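# A look at the structure
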Amino acid sequence: MKLTELQLEQIRAQVRRVKACGNPFYTERFKNVNSEDIKTQEDFEKLVPFCTKQDLRDAYPLGLASVPEEEIVRIHSSSGTTGSPVIIPYTKKDVEDWAIMFARCYEMAGITNKDRIHITPGYGLWTAGIGFQAGCERLGAMAIPMGPGNTEKQLQMMQDLKSTVICATSSYALLLAEQVEARGLKDKIHLTKGVIGSERWGEKMRNRIKDILGIELYDIYGLTECYGPGIGINCPGEEAIHIFDDYVYVEILDPITGEPVPEGQLGEITLTTLVKEGAPLFRFRTHDLAAFVPGECKCGSKFPRITPIMGRSDDMVKVKGNIIFPSTIEDVIRTVPGTSSEYRAVIEHVDGKDKMTIFVEVEGGTDRTEAALTMTYNFKQKYNMTPEVKVVGVGELPRSEKKTKRIEDKRFD
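Described in the following lines is the structure provided in the data block.

What counts and what doesn't
Residues numbered from 1 in each chain as written. Predicted model: local features only at pLDDT ≥ 70, side-chain atom pairs only at ≥ 80, totals over all residues. Heavy atoms only, no water. Salt bridge = Lys/Arg side-chain N within 4 Å of Asp/Glu carboxyl O. Buried < 20%, exposed > 50% of the residue type's maximum accessible area, 1.4 Å probe, protein only. Helix = DSSP H or I, 4+ residues; strand = E, 2+ residues; numbered from the N terminus. Pairing = 2+ DSSP bridges. Expected span 1.5 Å × (residues − 1). Contact = heavy atoms within 4.5 Å.

### Some words on the pattern of salt bridges
- Summed over the entire model, instances satisfying the criterion amount to 29 salt bridges.
- When the shortest N-O distance is used, the salt bridge between Glu28 and Lys31 registers 2.9 Å.
- We classify Lys31 as exposed; its relative accessible area is 51%.
- Between Glu152 and Arg183 there is a salt bridge, with its nearest N and O atoms 2.9 Å apart. Taken as a pair, Glu152 in helix H7 (residues 151-160) and Arg183 in the loop between helix H8 (170-182) and strand S6 (193-196) lie far apart in primary sequence, 31 residues in all.
- Salt bridges sharing common partners tie together Glu5, Glu9, Arg12, Arg16 and Glu36.

### Concerning the sheet that holds strand S13 (residues 292-293)
- The nine strands are arranged S4-S3-S5-S6-S7-S8-S9-S14-S13 in an open sheet whose pairing can be described as mixed. The open sheet is flanked by strand S4 (142-145) and S13, the only strands paired with a single partner.
- Pairing of strand S9 (residues 241-243) with strand S14 (residues 305-306), which is carried by two bridges, proceeds in the antiparallel orientation. Considered in S14, the bridge of Ile241 is made with Ile306.

### A closer look at helix H1 (residues 5-20)
- For H1, which comprises 16 residues, the first-to-last C-alpha distance of 23 Å matches the rise-based estimate of 22 Å (1.5 Å per residue) to within 8%.
- Against the buried residues of H1 lie helix H2 (24-29), helix H3 (41-47), strand S10 (248-253) and strand S11 (267-273).
- At the exit of H1 stands Gly22, carrying a positive phi of roughly 85 degrees.

Any functional reading would require information beyond the geometric quantities listed.
Set out below in structure tokens:
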């Protein structure tokens, strides 16, 4: 995606500002970069250095702040499950800009101020819950700020308050949908739409949630390091996600070489914030994998589009010379009649060899032996490897109120 002249000027302004702010993090990164030398796309790609999650961790706790402390009105943080957490400072304008983008997401999904928005993602240091709520309030809709957990109360409030929109991770949306079905509540709820984010979800899961609840589903994109969820969403009837490039510039790069990939080819999403004040990002490597979708959208929006997130480069595992993503397994599951959306894959090193076991749910009445054999055969035909497939009933694999880790690599435990 080519930089516009306005975006180039915004980037130059950001470089000038962070170089002048006196923050050692930015001073070191841009010591050899002159903002006025960034005249073209090629200059930007040559002169502006990449930024990684580790760079941000190394700046813990407030080393990313590019404004005086008295201008910081809020901080958010990543989970820190794989190292020091990343602390992101926000100014008043950052918070407002994020709410504007989030409200725009709701509007693109056809949600209005007459809706009642049931918010289940977590509140606190995580960006999710408060982002969903701020966008809802800016839109003028009724926010029902439930947060995660307590499924009994979620279902009761959903009925009593006649929630029309559910906001959740895909894992929790599935859990709620299955509980609605199991308790026979479908005629007692008023949901019409779902806004789902924070983790990749495949076609099987999408269709299962949609079919049980009878709602339209929307895929919202974002990450803590870059405002939070709400920097993009798909429009009605389309899978591709519009990214708000008046706030964020998106590149899709080869994860190995860091070079741009041809339009339509899968690569790593890399983000530059154009107007963020508290902690600007320059060429941040997200590890999320997607591709640009060429052409204009039939909805009329001019915002650029990317495919749904296909996986993460750090979710990739190599088994017997084969590169496996969650999408690899989902691709095979959807070819097998009777399978549900839920699976887990466990990779172990047994007797000197790598072994992958896939646990997959199937619906009642499905011939489990046939389903296992079909999946094993299809995996062998498509990816030239033979996992052990173990079939269980729907609901037997654990459900999560947050994100679900579907591939567990035990080889290095």
